[in-house]
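# Descriptive structure summary
Each chain is listed here by its residues.
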Protein chains: 2
Amino acid sequence: MTKGRITVIDIAKAAGVSKSTVSLVLQGSSLVNEGTRSKVNAVMRDLGYVYNRGAANLRKSGANSRIIGVVVNDLTNGFFAELAVGVDMVVQSAGFVQFLSNTSESIDRQREVIASMREHGISGLLVSPARATEATDFKPLIAAGIPVVVVVRSLPGAKVSSVVSDNRAGIAAAVAHLASLGHKRITFLGGFPDTAVFDERLDGYRAGMKAAGLEFNEALVVSSAPSRAGGAEAIAKAMLLAARPTAAVCFNDAVAFGVCDGLRARRMEPGTDFAVVGFDDVIEAQTAVPALTTIAVDPQGMGRRAAQLLLQQINAGKAEAEAVTTGVRLVVRESCGASQASGRKTA
Amino acid sequence: MTKGRITVIDIAKAAGVSKSTVSLVLQGSSLVNEGTRSKVNAVMRDLGYVYNRGAANLRKSGANSRIIGVVVNDLTNGFFAELAVGVDMVVQSAGFVQFLSNTSESIDRQREVIASMREHGISGLLVSPARATEATDFKPLIAAGIPVVVVVRSLPGAKVSSVVSDNRAGIAAAVAHLASLGHKRITFLGGFPDTAVFDERLDGYRAGMKAAGLEFNEALVVSSAPSRAGGAEAIAKAMLLAARPTAAVCFNDAVAFGVCDGLRARRMEPGTDFAVVGFDDVIEAQTAVPALTTIAVDPQGMGRRAAQLLLQQINAGKAEAEAVTTGVRLVVRESCGASQASGRKTA
DNA sequence: TGACAAATTTGGATCGTTCCAATTAACCTG
DNA sequence: CAGGTTAATTGGAACGATCCAAATTTGTCA
């Protein structure tokens, strides 16, 4: 039954032209006569021809497969799903397809999937690196002339482009907001200290405190796993301080939720007895009780931006590494205590 | 600088063997001498050789590209993101890579991405179809011998395999639960009537009512968009009935949330004055107030199952269409009114 | 040691496309 | 109508792997 794939030669034969002509039609060359073009197109439609991009790439020696690789560290996280959607949008409308793989923070899986993608001939790689990713991990890629863009987590030392949110400005804005509400003892809670993101956010905290005329105190910084459980631990530790804090900016929303848990565990109500600000604006932030004041980043926008950058570098053939930071904004809800007698009050 | 890609010939030359031998090493053939094998491997490592799967597939005439295509209708939806992660897991550990594209329910985009994936030579397709997908849309694929598995939404009439959750049993269980709580006038709210999923769930509703000894009444079924807004509309309509319902099973969680909104709008508290059950168990279901009683499906599990089925069909060369339904379970929380004086009470 | 089998290795030919140089057809123009 | 452009078309020869049949080396045994 399966008489094998239909090739340009079949088309050529059926249309009474040579394979070269069919090839020209395929690439929309202006050299071919309008009449022949339409006849060839008709035959292709009739026979259900499908272009074999693999064969074409082989001849064209690799570079332009019109495939890009996308690697994310945690697709179950809504943030990264949104990011992927943003990437998908621009990739799709540029006529590319994407490999997409999830690493679950496993650096081994990451290495594997990237290797696999290379074998399939990607013309660019967009990656949100797994935790302990080394800058050198991308060396072979860039040596082979494959543009790489890292997103969300920057990779200090790597000569690759990056698109990250403005962590510094975001946390600084959060601190400023809390300060404007009268808070003086503001802690910075959560996050692993060995990551670039942590450093940037901590830096924002430091800057925010300084700008508000508050003293930066090492003791007010409590790191922890960037998770709900980590947040609970962190607030517990922070409450042991002699000079008890009255507000916290958290590494991310998950930590912030954990902080709320921890506060309740000691009979304090977040938003009323203690101010909490998160980072990310995950979907639950608006429906939680109290609704979480947080720094919103636009993951889909980041995805789009990163994909654009990557495509641009692919088209340019060879481009310099470029660092883009995308804007963030403070979303004031209830957990910071700023909203006065909020309308919706659950009985 | 870029002296072009390194090929088997370069390896052969450097290792002092023929390209054929290198090829045999590549495929792990037992024909080659252990000594030569390790020498070749060493050279490959030294020169940083990367296998060109495209070239290989060309010779092997397409079939086994070790790429599968994954198409989902809405990746921003956490449900589908989880599904994709499940797929990714088994695809990855089978040594395949996946194209992943989002259609945003656009049937045109869907057609485009599938066409694009075909050009790149996928050896199987896993798709959660966009709304108005026709059974015939996959004809060319299966004609070309490319296995197709649809997931989440079945496609009546299409000769493709499917993996869907047990919609019927799920809704029936929800009805049974409500009936056991003493409810007699139970409505079925939300969803578009022209979809297979709707039919299955409605069927489950009918079966559940009958099993509980309650009468099925057409008027108690109110369809609407499967969204939060749709849910609000639906409950509004349902409340106009002479015999007012006291409980609702909803098409999905989004509808259920909308129903809660609608109830509050008329000063009724879900879980207290009216029982609500959803379907899907989205992430917000547990943090919402009141926490939503719902039918949990395991999207990641579905993804894994679907991917397994697809891979199996790919390996089998040609397999019969198979229909798999995956189990669901009722998760009792607060919105059905079953939980007595739940522990956590927000002040 | 010669003959034969087993173990290894190896040149093409080939997959479906693109690209180049060369050919053919069509059209001017003096 | 010869000579010169321009417009269309067309055979190979690649691209980087696989696979087959054939060649080579090695091992075994009478």
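Further up the page is the structure itself.
Notes on the structure follow.

The rules we used
- Residues numbered from 1 in each chain as written.
- Chains lettered and ligands numbered in written order.
- Predicted model: local features only at pLDDT ≥ 70, side-chain atom pairs only at ≥ 80, totals over all residues.
- Heavy atoms only, no water.
- Near = heavy atom within 4 Å.
- Polar contact = N/O pair within 3.5 Å; in protein donor to acceptor, adjacent residues only side chain to side chain.
- Helix = DSSP H or I, 4+ residues; strand = E, 2+ residues; numbered from the N terminus.
- Nonpolar A, V, L, I, M, F, W, Y, C, P; charged D, E, K, R; others polar.
- Pairing = 2+ DSSP bridges.
- Contact = heavy atoms within 4.5 Å.
- Axes fitted to C-alpha atoms, helices over the stretch in contact; angles between N-to-C directions.
- Expected span 1.5 Å × (residues − 1).
- Buried < 20%, exposed > 50% of the residue type's maximum accessible area, 1.4 Å probe, protein only.
- Salt bridge = Lys/Arg side-chain N within 4 Å of Asp/Glu carboxyl O.
- Buried area = accessible area lost by both parts, 1.4 Å probe.
- Arc of directions from axis to C-beta.
- Phe/Tyr/Trp six-rings, centres within 6.5 Å; stacked < 30°, edge-to-face > 60°.
- Lys NZ or Arg CZ within 6 Å of the ring centre and 35° of its normal.
- Parallel < 35°, antiparallel > 145°, perpendicular 65-115°, else oblique.
- Left-handed = near helix turned anticlockwise from the far one by under 90°.

## Digging into the protein's contact with DNA strand C
Near DNA strand C there are 25 residues, and of these V8, S23 and Y49 of chain A together with K19 and R59 of chain B occur at the shortest range. The sugar and phosphate moieties of DNA strand C supply 62% of its atoms located within 4 Å of the protein. The contact in question runs from a base oxygen of DNA strand C to an N or O atom on the side chain of R59 of chain A, over 3.0 Å. Take T21 of chain B: an N or O atom from its side chain is 2.8 Å from a phosphate oxygen of DNA strand C. When contributions to the surface near DNA strand C are tallied by element, the ones reaching two or more residues are helix 2 (19-26) and helix 4 (53-59) of chain A together with helix 2 (19-26) and helix 4 (53-59) of chain B. Of all the elements, helix 2 of chain B adds the most residues to the surface near DNA strand C, at 4 residues. The class makeup of the residues in the surface near DNA strand C is 10 nonpolar, 10 polar and 5 charged.

## As for the sheet that holds strand 8 (residues 247-250) of chain B
Residues and elements named next belong to chain B. One open sheet accounts for 6 strands, arranged 7-6-8-9-10-12; its pairing is mixed. Edge positions in the sheet fall to strand 7 (221-222) and strand 12 (328-331), since each of these pairs with one other strand and no more. In terms of strand pairing, strand 10 (residues 293-297) meets strand 12 through 4 bridges, oriented antiparallel. Paired with I295 across the strands is L330, a residue of strand 12. The strands touched by helix 8 (residues 167-180) within the sheet are strand 6 (186-189), strand 8, strand 9 (275-280), strand 10 and strand 12, with strand 8 carrying the most contacts at an inclination of about 165°.

## Side note on the sheet that holds strand 10 (residues 293-297) of chain A
Residue and element names in this part refer to chain A. Spatially, 6 strands are ordered 7-6-8-9-10-12 in an open sheet, and the strand pairing comes out mixed. Each edge of the sheet is formed by a strand with only one pairing partner; in this case those strands are strand 7 (221-222) and strand 12 (328-331). In the sheet, strand 6 (residues 186-189) pairs with strand 7 via 2 bridges, with the strands oriented parallel. Looking at the pairing, L189 lines up with V222 of strand 7. Strands in contact with helix 8 (residues 167-180) are strand 6, strand 8 (247-250), strand 9 (275-280), strand 10 and strand 12; relative to strand 8, the strand with the most contacts, it is inclined by about 165°.

## A look at helix 9 (residues 196-211) of chain B
Residue and element names in this part refer to chain B. Counted at 1.5 Å a residue, the expected span for helix 9 with its 16 residues is 22 Å, and the 22 Å between its end C-alpha atoms agrees. Taken residue by residue, helix 9 has A196, V197, F198, R201, L202, G204, Y205, G208 and M209 as its buried positions. Next to the buried residues of helix 9 lie strand 5 (161-165), helix 8, strand 6, strand 7, strand 8 and strand 9.

## Observations concerning the pattern of salt bridges
Tallying each qualifying case throughout the model produces 20 salt bridges over all chains. Across the pair R153 of chain A and E105 of chain A runs a salt bridge whose closest N-O atoms are separated by 2.8 Å. Pair noted here: R153 of chain A is in the loop between strand 4 (148-151) and strand 5 (161-165) and E105 of chain A is in the loop between strand 2 (97-102) and helix 6 (107-119), with a separation of 48 residues, a long-range link. For E105 of chain A, a relative accessible area of 24% gives the class partly exposed. Across the pair D203 of chain B and R206 of chain B runs a salt bridge whose closest N-O atoms are separated by 3.3 Å. Placement of both D203 of chain B and R206 of chain B in helix 9 is noted, with a separation of 3 residues, approximately one turn of the helix.

## Some points on the interface of chain B and chain A
Counting residues at the interface gives 39 residues for chain B and 39 residues for chain A. Here chain B and chain A share an interface that buries about 3,800 Å² over both sides, 58% of which is from carbon and sulfur atoms. At the junction of chain B and chain A, the tally comes to 2 salt bridges. Our count for the chain B to chain A interface comes out at 10 residue pairs in polar contact (both at pLDDT 80 or more). Of all the secondary structure elements, the ones that give two or more residues to the side of chain B that touches chain A are helix 4, helix 5 (78-93), strand 2 (97-102) and helix 6 (107-119) of chain B. Ranked by residues supplied to the side of chain B that touches chain A, first place goes to helix 5 of chain B with 7 residues. Taken together, the residues of the side of chain B that touches chain A sort by class into 17 nonpolar, 12 polar and 10 charged.

## Brief notes about helix 1 (residues 8-15) of chain B
Because the α-helix completes a turn every 3.6 residues, residues three or four places apart line up on one side. Residues and elements named next belong to chain B. Three or more residues of helix 1 are buried, namely I11, A12 and A15. Buried residues along helix 1 cover an arc of 100° about the axis, so they all sit on one side. Where helix 1 is buried, its residues contact helix 2 and helix 3 (34-47). By the N-cap criterion, in which a side-chain oxygen at the helix start approaches the backbone nitrogen of a residue two or three places on, helix 1 is capped by T7, the distance to I9 being 3.0 Å. Of the residues one or two after helix 1, G16 is the one with positive phi, at around 70°.

## Let's talk about the protein's contact with DNA strand D
Near DNA strand D you find 27 residues, and of these T21 and R59 of chain A together with V8, S23 and Y49 of chain B are the closest. Taking the atoms of DNA strand D that fall within 4 Å of the protein, sugar and phosphate contribute 64% of them. Between a base oxygen of DNA strand D and a side-chain N or O atom of K19 of chain A, the distance comes to 2.9 Å. Taking A55 of chain B, its main chain carries an N or O atom lying 3.1 Å from a base nitrogen of DNA strand D. For the surface near DNA strand D, the elements supplying multiple residues, two or more each, are helix 2 and helix 4 of chain A together with helix 2 and helix 4 of chain B. Its residues placed into classes, the surface near DNA strand D shows 11 nonpolar, 11 polar and 5 charged.

## Describing the packing of aromatic side chains
What describes a pair of aromatic rings is the distance from one ring centre to the other and the angle between the planes of the rings. Under the defined criterion, the tally for this structure stands at 11 aromatic pairs over all chains. When the centroid spacing of 4.5 Å and the interplanar angle of 0° are considered together, the rings of F99 of chain A and F99 of chain B count as stacked. Taken together, the residues F99 of chain A in strand 2 and F99 of chain B in strand 2 connect one chain to another. Across the pair, exposure class does not vary: F99 of chain A and F99 of chain B are buried alike. Note on F79 of chain B and F80 of chain B: the rings are 5.2 Å apart at their centroids and 75° apart in plane angle, and the pair reads as edge-to-face. Here F79 of chain B and F80 of chain B have matching classes, each one buried. An aromatic cluster of three or more residues is present, and its members are F188, F198, Y205, F216 and F251 of chain A. Of note, R206 of chain A hangs over the ring of F216 of chain A, and the distance from its end group to the ring centre comes to 4.8 Å. Here the basic side chain of R201 of chain B rests over the ring of F279 of chain B, its NZ or CZ set 3.7 Å away from the ring centre.

## Digging into the packing of helix 10 (residues 228-238) of chain A against helix 11 (residues 253-265) of chain A
Helix packing for two helices is described by the angle between their axes and how far apart those axes are. Residue and element names in this part refer to chain A. Where helix 10 meets helix 11, the axes come as close as 6 Å, and the angle between the chain directions of the two elements is 50°. Judged on the interaxial angle alone, helix 11 and helix 10 are oblique. Taken as a pair, helix 10 and helix 11 cross one another with a handedness that is right-handed. Residues R228, G231, A232 and I235 of helix 10 form the contact with helix 11, whose participating residues are A254, V255, F257, G258, V259, D261, G262 and L263.

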